[in-house]
Amino acid sequence: MGNTMIMPEHIRLTPDLQSRQGAVWSRIPCYLRDWELRVQFKIHGEGKKNLNGDGLAIWLTKERMQNGQVFGNTNFFTGLGVFVDTYPNDDKQHERTFPFVSAMVGNGSVAYDHDRDGRSTDLGGCTANIRNVEYDTFLLIRYMKNRLTVMTDVEGKQEWKDCLDVPGVRLPQGYYFGVSSATDNHDLISFKLYELTVERSPEEEENQQEITLPSVDYRMDSNVHVEDEGRSILTTFFVFIVSVVVLVVVIIVILFLFNHYKENRRKRFY
Ligand SMILES: [Ca+2]
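Nothing here was measured: the structure is a model prediction, and the numbers come from that model. (Residues numbered from 1 in each chain as written. Predicted model: local features only at pLDDT ≥ 70, side-chain atom pairs only at ≥ 80, totals over all residues. Heavy atoms only, no water.)

Caption draft 1: Representation of the coordination of the calcium ion within the structure. Taken together, Asp-85 (OD), Asp-85 (OD), Tyr-87 (O), Asn-89 (OD1) and Asp-117 (OD) make up the full set of protein donors to the calcium ion, lying 2.3 to 2.5 Å away. In primary sequence terms, the donor set of the calcium ion follows D-x1-Y-x1-N-x27-D. Exposure remark for Asp-85: the relative accessible area of 4% places this residue in the buried category. The class of Asn-89 is partly exposed, set by a relative accessible area of 26%. (Donors = N, O, S within 2.8 Å, 3.2 Å for Na, K, Ca; no water. Buried < 20%, exposed > 50% of the residue type's maximum accessible area, 1.4 Å probe, protein only.)

In structure tokens form, the structure reads like this:
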């Protein structure tokens, strides 16, 4: 979809021009429980040596073929997104060196914050110097026993380097794989999905059942809304206490003035 072009050797998701978006999506939903995905890609262009455009994203989501503001895909997505972000939108962010690889699990109600490079929702990540390099660049995404692992091979050494590793990631089945990008030359060279054979104990079998909404264990209560709610409850409580104190002071002052007035009147009377 979008500006995508199918070439003999690769799929060019987006050309090296401003405000372009492209994507490819699987037509067939994925029902594998444990899998490994190996993606070869190339990001290159005329812009600044290492930073430009927006980036590339790999998806396993409920939605498919919807363009939008998250690397050419829709926001408020449901499922997994792995991002190769080639542009730091949040210029206050100095502790991260870009391009930056990160991942996010969305449940349809959490936004990817483009202006902050998804900082509030990501599951971690790593720096990867992948733009305008001579050698081949690869990403490996593994989902095994609810554990999400991302590795990179981007230094021309033919070895996988750990990028992120998160347990307790729950992804429902029947979602679609896709790759999208925005701005810059983004070429998808290969996209290989492997089923992993994993032994499970009966307890693990039980735990595996009934995943209806994507989630991550350690982020169960940490989506941005909940945090904000927590803060506002505290604020409300504080405002309530202050109001009560002010009210009591006002009542005391009124009583004092009233007594004073009554006494004055009595004095005048006599
Ligand atoms: Ca960015």
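Caption draft 2: Spotlight on the sheet that holds strand β7 (residues 100–107). If you walk across this open sheet you meet the 6 strands as β3-β13-β5-β6-β7-β8, and the pairing is antiparallel. Two strands close off the open sheet at either side, each with one partner strand: β3 (21–25) and β8 (125–127). Going from strand to strand, the sheet's axes swing by 20° on average, the running direction of each strand aside. Bridge analysis of strand β6 (residues 78–85) against β7 gives 8 bridges, and the strand direction is antiparallel. (Pairing = 2+ DSSP bridges. Helix = DSSP H or I, 4+ residues; strand = E, 2+ residues; numbered from the N terminus. Axes fitted to C-alpha atoms, helices over the stretch in contact; angles between N-to-C directions.)

Caption draft 3: The sheet that holds strand β11 (residues 161–166), seen in detail. Strands sit in the order β1-β2-β14-β4-β9-β10-β11 across an open sheet of 7 strands; the sheet is antiparallel. For this open sheet the edge positions go to β1 (5–6) and β11, each flanked by a neighbour on one side alone. For strand β10 (residues 147–153) and β11, the ladder comprises 5 bridges, and the chain directions are antiparallel. In the sheet register, Leu-148 faces β11, and the bridge partner there is Val-166.

Caption draft 4: Looking closely at the state of the cysteines. The full count for this structure, using the stated rule, is 1 disulfide. Two residues, Cys-126 and Cys-163, share a disulfide whose sulfurs are 2.1 Å apart. Given an S-S torsion of about -100°, the disulfide between Cys-126 and Cys-163 has left-handed geometry. Placement of Cys-126 in strand β8 and of Cys-163 in strand β11 is noted, with a sequence separation of 37 residues between them. Cys-163 matches Cys-126 in its accessibility class, with the two residues each being buried. (Disulfide = S-S within 2.5 Å.)

Caption draft 5: Main features of the environment of Asp-165. Summarising the element assignment, Asp-165 is placed in strand β11. A C-alpha to C-alpha distance of 12 Å links Asp-165 and Thr-152, two positions 13 residues apart in sequence. The contacts of Asp-165, once residues within four sequence positions are left out, are Arg-147, Leu-148 and Thr-149. Side-chain polar atoms of Asp-165 contact the side chain of Arg-147, separated by 2.9 Å. A polar atom in the side chain of Asp-165 sits 3.2 Å from the side chain of Thr-149. (Contact = heavy atoms within 4.5 Å. Polar contact = N/O pair within 3.5 Å; in protein donor to acceptor, adjacent residues only side chain to side chain.)

Caption draft 6: Examining the pattern of salt bridges more closely. Inspection of the entire model under this criterion finds 14 salt bridges. Taking the shortest distance from any N to any O, the salt bridge between Asp-217 and Arg-170 comes out at 3.0 Å. Here Arg-170 lies in strand β12 (residues 169–170) and Asp-217 lies in the loop between β15 (215–216) and α2 (224–269), a separation of 47 residues in the sequence. Of the residues examined, Arg-170 reaches a relative accessible area of 23% and is grouped as partly exposed. Residues participating in the shared-partner salt-bridge network are Glu-36, Arg-38 and Arg-142. (Salt bridge = Lys/Arg side-chain N within 4 Å of Asp/Glu carboxyl O.)

Caption draft 7: Spatial organisation of the packing of aromatic side chains. All chains considered together, the criterion is met by 10 aromatic pairs. Taken together, a centroid distance of 4.8 Å and an interplanar angle of 70° make the contact between Trp-59 and Phe-77 edge-to-face. Here Trp-59, found in strand β5 (residues 55–61), pairs with Phe-77, found in the loop between β5 and β6; they are 18 residues apart in sequence, far enough to count as distant. On the basis of relative accessible area, Trp-59 is assigned to the buried category, the value being 1%. Given a relative accessible area of 0%, Phe-77 falls into the buried group. Cation over ring: Arg-64 sits above Tyr-176, and NZ or CZ is 5.5 Å from the ring centre. (Phe/Tyr/Trp six-rings, centres within 6.5 Å; stacked < 30°, edge-to-face > 60°. Lys NZ or Arg CZ within 6 Å of the ring centre and 35° of its normal.)

Purely geometric stuff here, so don't read any function into it on its own.
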